[in-house]
Amino acid sequence: MTRLAAALLSMLGSLSLLVPAVPATLAPVAYADDPRWEFYTSDHHAYRSPWFRGAHRIMIGFGCNASPWYDHDPRCPGTQGFHHGIDVAMDCGTPIHAGLAGRVLSPSAPGAPGPAYGVHPFRLRVRADGRTLDIVIGHARKVFVKPGQRVRVGQRIALASDSGAPDGCHLHFEVRPKGGGYTTAIRPRRWLQLTRQASD
Ligand SMILES: [Zn+2]
């Protein structure tokens, strides 16, 4: 054995000591913890969805919640505010896909999402369950589709980011009746099509 090979081998040996022997079942879910994430839900499961790559946790659900990001809403108890979508925590750059076929709306069409949704929020008008709905994708920084463009299921449409989001990179997924503003948002979970990841 050459001296170099011996040195490499001993280096590898000491490296392997640094790798903790974690049983596979205890291995963390494959996302890095963004220190800005704060989870306002008791649901610790990771979910898959046709709308994004990988399996991720819900950070803030639809409706009343105790997070500090929303003004108090009279519908909610105490000082709680109302969240009009579902926030799914995911690393910056996680691909967002179209989970339903649709058409990208013009930013100037009625109901345009404001700056709280980031610099490039956009809406997909879809036909689902006999209804015409506008799906708002919030906090994306990189968007791969243009107003008027038709998108197919599975098409990569954006990358998740923290644009307009003080609580780290995530997807804000919101569903409204056609042309509605944020106050018309409806419970979006059905169209997010979440599948709970088996936790062994
Ligand atoms: Zn949100």
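Our structure's up above, just so we're on the same page.
Scoring rules and cut-offs
Residues numbered from 1 in each chain as written. Predicted model: local features only at pLDDT ≥ 70, side-chain atom pairs only at ≥ 80, totals over all residues. Heavy atoms only, no water. Helix = DSSP H or I, 4+ residues; strand = E, 2+ residues; numbered from the N terminus. Buried < 20%, exposed > 50% of the residue type's maximum accessible area, 1.4 Å probe, protein only. Contact = heavy atoms within 4.5 Å. Salt bridge = Lys/Arg side-chain N within 4 Å of Asp/Glu carboxyl O. Disulfide = S-S within 2.5 Å. 1 Å grid on protein atoms, 1.4 Å probe; cavity = no way out; pocket = protein on both sides within 12 Å on 5 of 7 lines; lining within 4 Å. Points joined across faces, edges and corners; volume = space filled by probe spheres on them. Pairing = 2+ DSSP bridges.

Chemist: Quick question: what am I supposed to make of the environment of Pro-115 here?
Modeler: By the secondary structure assignment, Pro-115 is in the loop between β7 (102–104) and β8 (122–128). The spatial distance from the C-alpha of Pro-115 to the C-alpha of Ser-163 is 9.2 Å, given a sequence separation of 48 residues.

Chemist: Can you walk me through the environment of Trp-191 in this structure?
Modeler: Among the secondary structure elements, Trp-191 is positioned in helix α2 (residues 189–192). Accessibility expressed as a relative area gives 7% for Trp-191, which makes it buried. Separated by 56 residues in the primary sequence, Trp-191 and Ile-135 place their C-alpha atoms 9.0 Å from one another. For Trp-191, the residues in contact, after removing those within four places along its chain, are Trp-51, Leu-100, Ala-128, Asp-129, Arg-131, Leu-133, Phe-173, Val-175 and Ile-186.

Chemist: What is the right way to look at the pattern of salt bridges in this model?
Modeler: A side chain of one charge can pair with a side chain of the opposite charge if their charged atoms are brought near each other. The final tally for this structure, using the stated rule, is seven salt bridges. A salt bridge links Glu-174 to Arg-176, with the shortest nitrogen-to-oxygen separation between them at 2.7 Å. Across the pair, exposure class does not vary: Glu-174 and Arg-176 are buried alike. The structure contains a network of salt bridges with shared partners spanning Asp-34, Arg-36, Arg-141 and Asp-162.

Chemist: What exactly am I supposed to notice about the state of the cysteines here?
Modeler: Two cysteines, two sulfur atoms, one covalent bond between them: this is a disulfide. For the structure shown, the criterion picks out two disulfides. Between the sulfur atoms of Cys-64 and its disulfide mate Cys-76 the distance is 2.1 Å. Between Cys-64 and Cys-76 the sulfur-sulfur dihedral comes to about -85°; the bridge is accordingly left-handed. A residue pair is termed long-range when its members are at least 10 positions apart, and Cys-64 in strand β3 (residues 63–65) and Cys-76 in the loop between β3 and β4 (81–83) qualify at 12 residues. According to the relative accessible area criterion, Cys-64 is partly exposed, its value standing at 32%. According to the relative accessible area criterion, Cys-76 is buried, its value standing at 5%. Each sulfur of the disulfide joining Cys-92 and Cys-169 lies 2.0 Å from the other. Looking down the S-S bond of the Cys-92 and Cys-169 bridge, the torsion is 90°, so its handedness is right-handed.

Chemist: Got a minute to help me understand the layout of surface pockets in this structure?
Modeler: Regions of empty space are outlined by a rolling probe, equal in size to a water molecule, passed over the atoms. Of the pockets and cavities examined, the largest pocket occupies roughly 490 Å³. Looking at the largest pocket, it is lined by 19 residues, and the ones nearest its centre are Trp-69, Tyr-70, His-83, His-84 and Ala-116. Contributions of two or more residues to the lining of the largest pocket are made by β4 and β13 (170–177). Here the element with the most residues in the lining of the largest pocket is β13; it accounts for three residues.

Chemist: What am I meant to see in the pairing of strand β2 (residues 52–60) here?
Modeler: Each regular strand shows side chains that alternate between the opposite faces of the sheet. Of all nine residues making up β2, seven are buried, and the element is well covered by its neighbours. Direction of pairing for β2 relative to strand β5 (residues 86–89): antiparallel, over a ladder of two bridges. Bridging from a neighbouring strand, Ile-60 pairs with Asp-87 of β5.

Chemist: Would you mind going over unusual backbone geometry with me for this structure?
Modeler: Positive phi outside glycine occurs at His-139, with the angle close to 75°. On the secondary structure map, His-139 appears in the loop between β9 (131–138) and β10 (140–143). On the accessibility criterion, His-139 (6% relative accessible area) is buried. Even without glycine at this site, Gln-193 takes up a positive phi of about 55°. Relative accessible area serves as the criterion here: at 30%, Gln-193 is assigned to the partly exposed category.

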